[in-house]
Amino acid sequence: MKILVVEDEAQLADALTEILKRNKYIVDTAYNGIDGCDSALTGVYDCIVLDVMLPGMNGLEILRNIRAEKLSTPVLLLTARSEVEDKINGLDCGADDYLTKPFVTGELLARIRALTRRKGEIFDESKLTFNGLELNKNSNSVIYNGNDVKLSLKEYQIMELLMANPRQILPKERIIEKIWGFESDVEYNNIEVYISFLRKKLSSIGTDTQIRTARGIGYSLE
């Protein structure tokens, strides 16, 4: 699951990014409104954490641009405690929720989970399941019928994307954007290598769940 953090206070932005990465999210960070807006409008994010007060373009302007483009990406607005009008205006502009600074990590993560559930992503705090196969976030492993195997970070992220969208063909371009980033120069054969690793690991635990190739398009979990 991919999140965009738009926050001009570098220390806070970097702290948020680190917290989210430790919780297995893929994170991009923008430190000003213009870069944040450009990134948000790509439509590749599952959630946006957006500060109101930003240089170049404020958070409410970014919100208006996002909704004007008919993007339904959930947006969590960050506001200062005294900015009541910003909270009201933010919700009116299309924010899905807001969080008042300062906040605790647990509340931030809970609100993000709630927003992504509303969006309809198949996401659980600790695990995903499909056809008896379990992807466990806490242990970075896939489990089937009591057998388990550890995954590397990239293997885990690709498997999470596949299990959150079972029986759907995921184009290689989308996988690259979600896992490596919108501006990444990663080539398709990088994905093929990780898919090969995942297939071997799935086979090793005896599951009949397979990653199928849609030739010239991408992959699906069947």
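Source: prediction; values computed, not measured. (Residues numbered from 1 in each chain as written. Predicted model: local features only at pLDDT ≥ 70, side-chain atom pairs only at ≥ 80, totals over all residues. Heavy atoms only, no water.)

> Break down the sheet that holds strand β7 (residues 133-136) for me, with residues and values.
Overall, antiparallel pairing links the four strands, which are arranged β6-β7-β8-β9 in an open sheet. If you trace the sheet from one side to the other, it starts and ends with β6 (127-130) and β9 (147-150), each paired once. Each strand axis lies, on average, 20 degrees off the axis of its neighbour in the sheet, ignoring direction. Where β6 and β7 come together, four bridges link them in antiparallel fashion. The residue bridging Thr129 from the neighbouring strand is Glu134, located in β7. Across the sheet, helix α6 (residues 153-164) is in contact with β6, β7, β8 (141-144) and β9; its angle to β7 comes to roughly 130 degrees. (Pairing = 2+ DSSP bridges. Helix = DSSP H or I, 4+ residues; strand = E, 2+ residues; numbered from the N terminus. Axes fitted to C-alpha atoms, helices over the stretch in contact; angles between N-to-C directions. Contact = heavy atoms within 4.5 Å.)

> I'd like to hear about the layout of surface pockets, residue by residue, with values.
The rolling of a water-molecule-sized probe over the atoms marks out the regions of remaining empty space. If you add up the space inside the second largest pocket, you get close to 170 Å³. As for the second largest pocket, its lining consists of 13 residues, of which Lys21, Ile26, Val27, Gln157 and Ile179 are closest to the centre. Those elements that provide at least two residues to the lining of the second largest pocket are β2 (26-30) and α6. Taken together, the residues of the lining of the second largest pocket break down into six nonpolar, two polar and five charged. (1 Å grid on protein atoms, 1.4 Å probe; cavity = no way out; pocket = protein on both sides within 12 Å on 5 of 7 lines; lining within 4 Å. Points joined across faces, edges and corners; volume = space filled by probe spheres on them. Nonpolar A, V, L, I, M, F, W, Y, C, P; charged D, E, K, R; others polar.)

> Before we move on, could you go through the nonpolar core and cite the residues and values that matter?
Ranked by size, the top nonpolar core spans 26 residues in total, and within it Leu135, Val142, Met159, Leu162, Met163, Ile175 and Ile211 carry the most contacts. Put simply, the parts of the chain that give this core at least two residues each are β6, β7, α6, α7 (172-179), α8 (188-204) and β12 (218-221). Counting residues per element, this core draws most heavily on α6, which supplies six residues. With near-sequence residues (within four places) excluded, Met163 lies in contact with Leu128, Thr129, Phe130, Leu133, Glu134, Leu135 and Leu221. Listed in part, the 20 residues of the second largest apolar core include Cys37, Val44, Val52 and Leu77. (Core = buried A, V, L, I, M, F, W, Y, C linked by side-chain atoms within 4.5 Å. Buried < 20%, exposed > 50% of the residue type's maximum accessible area, 1.4 Å probe, protein only.)

> Requested: an account of α7, with residues and values cited.
Along α7, the residues classified as buried are Lys172, Ile175, Ile176, Lys178 and Ile179. Check the buried side of α7 and you find it contacts β1 (2-6), β2, α6, β10 (170-171), α8 and β12. Phi turns positive, to about 115 degrees, at Gly181, one or two residues after α7.

> Summarise the sheet that holds strand β11 (residues 211-214); cite the residues concerned and give the values.
The sheet built from three strands is open, its strands ordered β10-β12-β11 with antiparallel pairing. Of all strands in the sheet, those bounded by a partner on one side alone are β10 and β11. Here β11 pairs with β12 via four bridges, running antiparallel. In the strand pairing of β12, Ile211 is matched with Leu221.

> A description of the side chain of Ser220 should follow, citing residues and the corresponding values.
For Ser220, the position within the fold is in strand β12. Looking at Ser220, its side chain comes within polar contact range of the side chain of Glu222, at 3.0 Å. (Polar contact = N/O pair within 3.5 Å; in protein donor to acceptor, adjacent residues only side chain to side chain.)

> Report on the pattern of salt bridges, specifying residues and quantitative values.
If you walk through the whole model with that rule in mind, you get 10 salt bridges. With its nearest N and O atoms 3.8 Å apart, the salt bridge here joins Glu9 to Lys101. Residue Glu9 is located in the loop between β1 and α1 (10-22), and its partner Lys101 is located in strand β5 (residues 97-101); the two are separated by 92 residues in the primary sequence. The exposure class assigned to Glu9 is partly exposed, which follows from its relative accessible area of 43%. Taking the shortest distance from any N to any O, the salt bridge between Lys201 and Glu155 comes out at 2.7 Å. Residue Lys201 is located in helix α8, and its partner Glu155 is located in helix α6; the two are separated by 46 residues in the primary sequence. Residue Glu155 is classed as buried on the basis of its relative accessible area of 4%. One salt-bridge network, in which partners are shared between bridges, spans Glu7, Glu9, Asp51 and Lys101. (Salt bridge = Lys/Arg side-chain N within 4 Å of Asp/Glu carboxyl O.)

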